[in-house]
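Here is how the chains run, residue by residue.
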Amino acid sequence: MTEGVPHGGDATVTPLALERALWALRAYDTIALATTSQAGPHVAGVFFAPERIEGGLRLLIATRGGSRLQRELVADPRVAFMCSPGNASRWIQGGGIASVVDDPGQRIDVIRRLIDHAAGAEAYVEGPEVLPVMIAVRWLKVVEARDGPHLLLGFDV
C-alpha cells in the first residue's frame, strides 16, 4: 500500500497516469476542501487550479487571512478535497498537504495562475488579506465511470 493512499494505489506514477489525472482535474474549477481542528471538521468550497510539478501534482487555492479555513490550514496542513459534477458515477477526491505562500512576489504569480484556470476566482481574490495556498497532492482518486477502471495515485510529498 502506498503511504497516505487509502486502499492502496499505483506503485509507480506513470507520465500517462499523471496526464490523465491532470486532464480530469482541469475539467473543474472548484473543490470542496476539508480541514479539521479542535472545533471539528470543516468543509469550504474554493476555486482551484491544478498544476503538474516534479513527481506529482499540486492545487493552487486562495483563502482570506483570519478565516476559519486559513487558521485550520496553518494549525494542521493536512487536507482532503473532492470535486464532482453532481453525478455519483464521476468524481475526483484526494488529499494533500497545504502551505501558505509567504513570498509577496510569488503570491501575485500564484493568484494569476489560479485566475487563469478559474476565472470566477478573480472577484474573490481581490484584496490584501487574500492568501494563496499550494496543496501538494499526496493521493488522488479519479472516477470517470461507475463500472470503469478508477485511477488511484499516490505521491511522495
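This text follows the structure it describes.
First, a word on what this report is: a plain description of the structure on this page. None of the values given here were measured: they were computed from a predicted structure.

Rules behind the numbers
Residues numbered from 1 in each chain as written. Predicted model: local features only at pLDDT ≥ 70, side-chain atom pairs only at ≥ 80, totals over all residues. Heavy atoms only, no water. Helix = DSSP H or I, 4+ residues; strand = E, 2+ residues; numbered from the N terminus. Rg over C-alpha atoms; globule rule 2.2 N^0.38 Å. Buried < 20%, exposed > 50% of the residue type's maximum accessible area, 1.4 Å probe, protein only. Contact = heavy atoms within 4.5 Å. Arc of directions from axis to C-beta. Salt bridge = Lys/Arg side-chain N within 4 Å of Asp/Glu carboxyl O. Pairing = 2+ DSSP bridges. Core = buried A, V, L, I, M, F, W, Y, C linked by side-chain atoms within 4.5 Å. Phe/Tyr/Trp six-rings, centres within 6.5 Å; stacked < 30°, edge-to-face > 60°. Lys NZ or Arg CZ within 6 Å of the ring centre and 35° of its normal. Expected span 1.5 Å × (residues − 1). Polar contact = N/O pair within 3.5 Å; in protein donor to acceptor, adjacent residues only side chain to side chain.

A look at the overall build of the chain
Helix and strand counts for the chain come out as three helices and eight strands. Listing the helices and strands of the chain from first to last along the sequence gives α-β-β-β-β-α-β-β-α-β-β. Taking 15 Å as the expected radius of gyration for a compact globule of 157 residues, we find that the chain reaches 15 Å, a close match to that expectation. By its C-alpha atoms, the chain is 45 × 35 × 30 Å across when sized along the principal axes. Classification of the 157 residues of the chain by burial places 43% in the buried group. Considering only contacts in the chain between residues 6 or more positions apart, those separated by 24 or more positions represent 66%.

What to know about helix H2 (residues 68-75)
Within H2, burial applies to Leu69, Gln70, Glu72 and Leu73. Buried residues along H2 cover an arc of 165° about the axis, so they all sit on one side. Within H2, the exposed residues directed more than 90 degrees away from the buried face are Val74 and Ala75. In this structure, the buried side of H2 is in contact with strand E1 (30-37), strand E2 (40-47), strand E4 (56-64), strand E5 (78-87), strand E6 (90-100) and strand E7 (130-143).

What to know about the pattern of salt bridges
Considering all chains together, one arrives at 10 salt bridges under this definition. Residue Arg20 pairs with Glu144 through a salt bridge whose shortest N-O separation is 2.9 Å. Of this pair, Arg20 sits in helix H1 (residues 15-25) while Glu144 sits in the loop between E7 and strand E8 (151-154), and the two are 124 residues apart along the sequence. The class of Glu144 is partly exposed, set by a relative accessible area of 32%. Its salt-bridge partner being Asp76, residue Arg78 comes within 2.7 Å of it at the nearest N-O pair. Relative accessible area serves as the criterion here: at 54%, Arg78 is assigned to the exposed category.

What to know about the side chain of Asp76
In this structure, Asp76 sits in the loop between H2 and E5. Owing to a relative accessible area of 16%, Asp76 belongs among the buried residues under this scheme.

Here we look at the pairing of E5
Pairing between E1 and E5: three bridges, direction antiparallel. The residue bridging Leu33 from the neighbouring strand is Phe81, located in E5. Pairing analysis gives seven bridges linking E5 to E6, with the strands arranged antiparallel. Residue Phe81 lies in a different strand from E6, and its bridge partner there is Gly94.

A word on the nonpolar core
Ranked by internal contacts, the top residues of the largest apolar core, which has 30 residues, are Leu33, Leu57 and Leu140. Tallying contributions element by element places H1 first for this core, with six residues. When near neighbours in sequence (up to four residues on either side) are disregarded, Leu33 contacts His42, Val43, Ala44, Val46, Ile61, Leu69, Val79, Ala80, Phe81 and Ile135. Among the nonpolar cores identified, the runner-up in size contains 13 residues, and Leu60, Ala62, Val101 and Ala121 belong to it.

A short note on the packing of aromatic side chains
Applying the stated criterion across every chain, the model contains zero aromatic pairs. Over the face of the ring belonging to Tyr124 we find Arg64, whose NZ or CZ atom lies 4.8 Å from the ring centre.

Considering helix H3 (residues 104-117)
Relative to the 20 Å expected for 14 residues at 1.5 Å per residue, H3 spans 21 Å between its end C-alpha atoms, a close match to the ideal helical length. Along its buried surface, H3 packs onto E2, strand E3 (49-53), E4 and E7. Regarding H3, its N-cap is Asp103, as a side-chain oxygen of that residue lies 3.1 Å from the backbone nitrogen of Gly105 further along.

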